[in-house]
Structure formats: structure tokens, C-alpha cells
Amino acid sequence: MKTANNNWSKSSWKEFSAQQQPNWPNQAVVDRVLNELETLPPLVFAGEIRSLKALLAKAVTGDAFLLQGGDCSENFAHVTAPRIRESLKVLLQMAITLTYAGGVPVIKVGRIAGQFAKPRSSDTETVGGLTLPSYRGDMVNGADPTVEARTPNPKRMLKGYNMAASTLNLLRAFTRGGFAALHRVQAWNQEFVSQSPMGMTYERMAKQIDQAIQFMETIGIAMDTPQINQAQFFTSHEALLLGYEQALTRIDSTTGDCYDCSAHLLWIGERTRQIDGAHVEFLRGVLNPIGVKIGPDYDLDNIKRLVEILNPENEAGRLTLITRFGKDRVEQMLPPLLREMKREGKNIVWSCDPMHANTFTSAGGRKTRNFSDIISETTSFFEIHWNEDTVPGGVHFELTGEDVTECIGGARDIDDKDLDINYETTCDPRLNAEQSLELAFQIAEMIRS
Ligand code: PEP
Ligand code: CO
């Protein structure tokens, strides 16, 4: 079996300390659930995971671009056809715009079909004088502020598996069945442009994309080929609950290699990337593409060791570093990291998460983000890469296809008091569909020039 290093097994993480695990009240029930999960079919397949890795290898050199996005935390109650469709739709719309502007294929990866577990800054939360376990995502407990809802319930892992399976089933149907056809996605973009208060600004590019599609039709390129009427779409989530990830880890019968078949790409969060921790131990041994979040307080030597542990063979496409420094610290924190990795010749997909270090609490007490801060960190990310002669390989957003009011700013200028209109996230604030498309058009303008 080919693994990244010796002495690894899918349970070797148990010898290491694991941060951010729920305090399950009854270990016997946990064991029963995990045994059952081990017998259930994989959610994704090794061949698909290898395809994603090959595409990501291209993003290392700028021959492809990664677009990763979705909910901060998916909710079971929101696993419905319309919501899955709208999330997919907005990502497809963003992707077509970025493909046209960047002139390279866009690798579409959802934070979807398994993004059900969350790290939290505190184990407990006090609501109305009552101290409760923190909400850790639908795969662990419920968000309602009651003892009953907040008590971790391992059976939720089984439900999470089933929710992920039905989400994937629909995503596969939508992306293969004509829903994702190029001219359809472009028609949605035209609709967005005609309705957005900023529409005029985006009209020219939307028109050019139209012309490109018409040109293909004119010269007789068949519009019913898979390249035109299907989309390749991949899934990802934070690999947080190691018992669950272990249970979905399988040996590929064609190669004998170990893959975590809960999603195509797994990432390690800012709070669980300790080099001597269980999450790093687990992920170093599965052959999926791996992401690692890096916040502004990183230690350079520590990141160098982490890169060595997770990608000892410097395989292109294996490792995506997702930087989340905040608009004020990106100028200071990104260049040293880029220079060092370049000096060492490391193959890395550099992705920008302009969400997680730009979060603040609004005057009305809502956790929010400002659209202009998101634009600001993203712009800095690209400019710094261009200055350093490194490759800005992708972006990572928290967004939804719904018309929520969770982030302020954007063309409709959502402000503090609008946040109450439709604020539904149980975790971090997401860009709504319009804000997401606006962001894509603004990035497109930037990378084109
Ligand atoms: C997240 O992506 O929702 C998250 C918790 O990010 P980070 O680990 O970067 O804080
Ligand atoms: Co988040």
C-alpha cells in the first residue's frame, strides 16, 4: 500500500492528540455508528479523486484555476433540491466568468455534500444564563440553544452520511443531465447582469462570453458534447471528525492505495493543523488532494514542516494552501510564505480565502463580513502573487445561492440593519447569490487586465 510515510494506518491518528472533537456522551454508540459507516458504500470514487488531483496539478502552474465555495456549515434541514440547485448554479455561473477571463479551465469544488462539522473557539456557549455545549455542526449536535439539541449525538454522523449521499446524487444528476450546459449558465449570467444595479459594469464581459459561445456554434462545434453540456464538479469539506473520516477511508481495488472517500478534497482547518496532531497524522496517509488553512499568526518553520509531512514527494496537486490573513495583514504575511516555498521549489496550489479573517460583529450583534474587505483581500492576493512571480491558483468563498443578508455591502449595499431581513446561517456569514456573482465579475475584470 502506497502511503505518504511509514507507520501510517487509517487509525494511527488515535495515537495523537485530536483537537475539536465532540464530547460524545456514550462511546459505545459512537463505535456502533462508525462500524455501520464502515460497511456503507463510499461517497466518491478513487478515480474521481485522481482526476481532481490531476486538475489541481495544473493550478500549480497557472494552467487551471480552483474555485471552491459553499456554506460555512451545511444544515440537514437545507438538504433540498432547490437549495442544492441554487448553490450549484451560482458556482457554475462564477466558473464560466472566471474561465473566460482567465483563459484556463476552472476547477469547481463545492463546500457541499459533507460540510457538516465545525471547529469552535470555545467548547461551551452561554445563552440566556444557560451554559451549553457549543454547536459543532449538524453532524454533531443541533443549533437550538437547549441542552437536548446541543448534546452531541453520534447518530447524526449516519444522517450526515445519508444527507451527503443524497446531495451528491442530485449534483451528479444536475451536472450530467444538461442543467450545467454552457449556454444555460450564460443565460443565467445575462439575467444577473440585467437585474444587478451594477449590471452596466458587467455587461461588456457578459456580451463577450455570449459572442464566444455563438462563435463556437457558428463554426460547427457540437453543443451536445460533454465539454459543453456537462460540468465536472467536485465535493469538499473540512476533515474534522476523524472517526467519520476513518470509516469512509477505503482501499482502491485498482491500485491498492488509500483514499478518504467521504469527499474528493479534504481540508485541515486553522485550528487543527498542529504538526504533531491527529488531523495531520490522518490526512498525511490518504492520497486525496489536501487543503490546509493558514491564518495570519502562522510560524514559517512550522508551515515548512507541515508541507514536508503532508507532501513529502512534492507531488503537484496534492497540496493546496488556503491563506486567510485578512485585508490588513495579507500584505505583511503572504510574501514571506510565497518566497520560502518558491525558494524550496514546492509545488503548491495557492488559494485565497478572503472570508475567515475579515469577520466582525455588527452594531446589531450579527457576525458579518464586508463585501469590500473580501474584494480587498482578494485583490491583494492576486497583486502580491504577480509581484512575487508566483501563481495565484484559486479562491475559496463562503457563499450560497439563496438571497440571504449575511454579509454587508455589494451592489445592493446591504447595511447593518438589513442583516436581520434574511440572516439564516448557523455559523459564518455567506455571500448571497448576487454578491457572489459580483465578486466573480470583479475578479474576472482584474485577472483579464
Ligand atoms: C471554515 O472554513 O469554515 C473555517 C472554520 O475556516 P478556518 O479553519 O480557516 O478558520
Ligand atoms: Co466558516
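Since this is a predicted model, take the numbers as computed values, not measurements.

**Q** Can you help me understand the coordination of the cobalt ion (ligand 2) in this one?
**A** Tetrahedral coordination by four donors puts the ideal angle at the metal at 109.5 degrees, and octahedral coordination by six puts it at 90 or 180 degrees. Those donors, Cys72 (SG), His356 (NE2), Glu398 (OE) and Asp428 (OD), are the protein atoms that reach the cobalt ion (ligand 2), and they lie 2.1 to 2.4 Å from it. Sequence spacing of the donor residues for the cobalt ion (ligand 2), all on one chain, is C-x283-H-x41-E-x29-D. Taken together, the positions of histidine 356 in the loop between strand 11 (349–352) and strand 12 (359–361) and glutamate 398 in strand 14 (residues 392–398) put the pair 42 residues apart, joining distant regions of the chain.

**Q** Before we go on, may I ask you to explain the packing of helix 3 (residues 81–102) against helix 7 (residues 199–218) in this structure?
**A** If you want to describe how two helices pack, look at the angle between their axes and the distance between the axes. Two elements in contact, helix 3 and helix 7, have axes whose closest approach is 11 Å; the angle formed by their N-to-C orientations is 80°. If you check the angle between helix 3 and helix 7, you find them roughly perpendicular. Between helix 3 and helix 7, the contacting residues are Ile96, Thr97, Tyr100 and Ala101 on the first element and Met205, Gln208, Ile209 and Ala212 on the second. Considering only residue class, the contact of helix 3 with helix 7 consists of six nonpolar, two polar and no charged.

**Q** Explanation requested: unusual backbone geometry in the structure shown.
**A** Peptide bonds are, in most cases, trans, and in most cases residues other than glycine have a negative phi. Phi at alanine 113 is positive, roughly 60°, even though this residue is not glycine. Mapped onto the elements of the fold, alanine 113 is located in the loop between strand 2 (106–111) and strand 3 (124–127). Note on alanine 113: relative accessible area 0%, which makes it buried. Notably, aspartate 389 is not glycine yet its phi reads approximately 60°, a positive angle. As for its position among the elements, aspartate 389 is in the loop between helix 13 (371–388) and strand 14. Of the residues examined, aspartate 389 reaches a relative accessible area of 61% and is grouped as exposed.

**Q** How should I be thinking about the side chain of aspartate 252 in this particular structure?
**A** Within the secondary structure, aspartate 252 is located in the loop between strand 6 (249–251) and strand 7 (258–260). Residue aspartate 252 is classed as buried on the basis of its relative accessible area of 12%. At 2.8 Å, the side chain of aspartate 252 forms a polar contact with the side chain of threonine 255. Excluding its chain neighbours within four sequence positions, the residues that come into contact with aspartate 252 are Ala46, Arg50, Asp257 and Tyr259.

**Q** I would appreciate a short explanation of the environment of methionine 200 in the present structure.
**A** Note that methionine 200 resides in helix 7. In this structure methionine 200 comes out as exposed when scored by relative accessible area, which is 68%. The sequence separation of methionine 200 and glutamate 402 amounts to 202 residues, and the corresponding C-alpha distance is 23 Å.

**Q** What should I look at first to understand the site of ligand 1 in this one?
**A** Close contacts around ligand 1 come from Cys72, Arg111, Lys118, Pro119, Trp267, Gly269, Glu270, Arg271, Lys293, Arg324, His356 and Glu398, and that covers them all. Lysine 118 places a polar side-chain atom, nitrogen or oxygen, 2.7 Å from an oxygen atom of ligand 1. Between ligand 1 and arginine 271, the relevant distance is 2.9 Å, taken from an oxygen atom to a side-chain nitrogen or oxygen of the residue. In isolation ligand 1 has 300 Å² of accessible area, and contact with the protein removes 97% of it. Partitioning the shell around ligand 1 into residue classes produces three nonpolar, two polar and seven charged.

Rules used throughout
- Residues numbered from 1 in each chain as written.
- Chains lettered and ligands numbered in written order.
- Predicted model: local features only at pLDDT ≥ 70, side-chain atom pairs only at ≥ 80, totals over all residues.
- Heavy atoms only, no water.
- Donors = N, O, S within 2.8 Å, 3.2 Å for Na, K, Ca; no water.
- Helix = DSSP H or I, 4+ residues; strand = E, 2+ residues; numbered from the N terminus.
- Axes fitted to C-alpha atoms, helices over the stretch in contact; angles between N-to-C directions.
- Parallel < 35°, antiparallel > 145°, perpendicular 65-115°, else oblique.
- Contact = heavy atoms within 4.5 Å.
- Nonpolar A, V, L, I, M, F, W, Y, C, P; charged D, E, K, R; others polar.
- Buried < 20%, exposed > 50% of the residue type's maximum accessible area, 1.4 Å probe, protein only.
- Polar contact = N/O pair within 3.5 Å; in protein donor to acceptor, adjacent residues only side chain to side chain.
- Near = heavy atom within 4 Å.
- Areas by Shrake-Rupley, 256 points an atom, 1.4 Å probe, with all protein chains shown as cover.

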